[in-house]
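Given next are the chains, with one letter for each unit.
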Amino acid sequence: MRLLKLEIKRILKTRLTLILLGLCLLFSFLLAWLPITFSYNTYQDADGKEVILKGLESIAYEKELQADIAGAVTPEKVRQALEDYQACLNKYGVEFSYDLPEGVYEQEILPYAPLLHGIREAYANPETGIAAAIIDIDPQAVDDYYRVCEERVVSLMQQEQKKHPAAQQRAIDLYGKVEKPYLFFPGYSTNAMDYQIILTFLVVLFCTIIAAPVFTSDYQTGADDIFRCTKYGKEKFAVIKILSALLISGTAYCLCIGIYILVSNTLWGWECTKTSMQMLYSIINLPHMNIGQLQCFIAAAGLLSILAVISFTAFLSSKIKNMVVCLSTTLLFCLLPIILYAVLPEHIGIWVYNILPASAAGLQTSILYAAADFAFWNIGNIAIWIPHVMVGACVVEIPLFVGLAVYSYSTHRIK
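So, a few notes on the structure that sits alongside this text. Owing to the predicted nature of the structure, the values given are computational and were not obtained by experimental measurement.

### Here we look at the pairing of strand β2 (residues 50-54)
So, step 1. Relative to β2, strand β1 (residues 40-44) is paired through five bridges, and the arrangement is antiparallel. What sits directly across from Asn41, in β2, is Leu53.
So, step 2. Hairpin remark: β1 followed by β2, antiparallel, with five residues in the connecting loop; positive phi at Gly48, about 80°.

### Section: helix α4 (residues 75-92)
So, step 1. Its 18 residues place the ends of α4 26 Å apart at the C-alpha level, agreeing with the 26 Å of an ideal helix rising 1.5 Å per residue.
So, step 2. Among the residues of α4, those classed as buried are Pro75, Val78, Ala81, Leu82, Tyr85, Gln86, Cys88 and Leu89. Within α4, the buried residues cover an arc of 155° as seen down the axis, which keeps them to one side. For α4, the exposed residues lying more than 90 degrees away from the buried face are Glu76, Asn90 and Lys91.

### Things to note about the packing of aromatic side chains
Working definition: an aromatic ring pair is given by the centre-to-centre distance plus the angle between the planes.
So, step 1. Under the criterion given, the structure shown has 14 aromatic pairs.
So, step 2. Seen in terms of ring centroids, Tyr145 and Tyr146 are 5.1 Å apart; in terms of plane orientation they differ by 70°. Their pairing is edge-to-face. There is no split in this pair, since Tyr145 and Tyr146 are both buried.
So, step 3. An angle of 20° between the planes, with centres 4.6 Å apart, marks the rings of Phe215 and Tyr409 as stacked. You can see Phe215 sitting in helix α10 (residues 213-221) and its partner Tyr409 sitting in helix α17 (residues 386-410), a full 194 residues away along the chain.
So, step 4. By relative accessible area, Tyr409 is classed as buried at 1%.
So, step 5. Grouped by ring-pair contacts, the aromatic residues Phe312, Phe315, Phe333 and Phe401 constitute a single cluster.

### Concerning the pattern of salt bridges
So, step 1. Summed over the entire model, instances satisfying the criterion amount to eight salt bridges.
So, step 2. The partner of Arg79 in a salt bridge is Glu83, with the nearest N and O atoms 3.2 Å apart. Remark: Glu83 and Arg79 occur in helix α4; sequence separation between them is four residues, near one turn of the helix.
So, step 3. Classification of Arg79 as partly exposed rests on a relative accessible area of 21%.
So, step 4. Here Glu151 ties to Arg147 by a salt bridge, and the two come within 2.3 Å at their closest N and O atoms. Within this pair, Glu151 and its partner Arg147 are both found in helix α7 (residues 145-160), separated by four residues, close to a single helical turn.
So, step 5. The exposure class of Glu151 is partly exposed, given its relative accessible area of 42%.
So, step 6. Exposure remark for Arg147: the relative accessible area of 40% places this residue in the partly exposed category.
So, step 7. The network of salt bridges with common partners includes Glu7, Arg10 and Lys241.

Analysis parameters
Residues numbered from 1 in each chain as written. Predicted model: local features only at pLDDT ≥ 70, side-chain atom pairs only at ≥ 80, totals over all residues. Heavy atoms only, no water. Pairing = 2+ DSSP bridges. Helix = DSSP H or I, 4+ residues; strand = E, 2+ residues; numbered from the N terminus. Expected span 1.5 Å × (residues − 1). Buried < 20%, exposed > 50% of the residue type's maximum accessible area, 1.4 Å probe, protein only. Arc of directions from axis to C-beta. Phe/Tyr/Trp six-rings, centres within 6.5 Å; stacked < 30°, edge-to-face > 60°. Salt bridge = Lys/Arg side-chain N within 4 Å of Asp/Glu carboxyl O.

Distances and angles like these do not, on their own, reveal function.
Put into structure tokens, the structure is as follows:
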């Protein structure tokens, strides 16, 4: 324990570590606040003058405007919203909301617009998947709103997983656990979830830079020659160095994500965390989660991802003697999921980038987008949902790379 404390203290005293950890904390507050600035609303006051609202004022206005629809999203509420929407379009003789006169949408449709989220997707053509025009949807059919959503899951999976009945059934089973009716509380934006992923990605990069010298720096300076002559200079010393890197990185991540979630939810309003995921993403998303649960799920997956990345970094550090080469290689592997996502065909890439240590914390490949998607690993009659693949891969990789790093360092020979 004493050696562990000394190693942690040694790492934390370095100037680069302090700078990077300070940046992590700074970004925790900055990225929690930035999505608020994207909120924008306009309305006309009693004198007919346009009033522009931004940031917290816009969010407060939207909450007040949509206060009547907060709570359970019942078929009755959706039907009434659809009837009011169609009546508004007919009143002005248009087919789409963007053809309405200026200010009409904000005054007449915005108060109930979130209830119509996903209605076109739910009533899409089951054979072609083409979304229906809202003006063409029969309000009478909305009485079976959630049954239609269940049928849409079936038809969508038949299109996306045509040759994999196990994946179709797995998706149906997952969606069957989703609590209905959905819940909705106004004011929140998916931008906040996106920025949580960006913060996770930045913390992974910064902690990788901190962990990269764990063995390489001693190789390069020659200090490793001395350490190997001590009583605990091999296996135990390797475990201590790896554990110190994991503890510093894991603690930094938990602190940063904790600050982000606390600040973000305070700004948006804690009641927004009770909103069903389906009301912000796809109306037929598979996870049985509200926004608060989704935040925690993403945070937990991010922690596993950063621990897997640091374990892999320690393994590379035990193999590479040059600091520049080691740091470049580790950073490349952090970016690799994004690169492979861009260059590999989807049917190949899905088998590769989802099992890399940094995949869950990537940008395009993040576990957030995987949770909002309908992709599966299909192995014979087994279908594994991609978020479960990511989490499982990290759980396996952490002890695997730690063990390989300890073995590699213990058997390392200086030529």
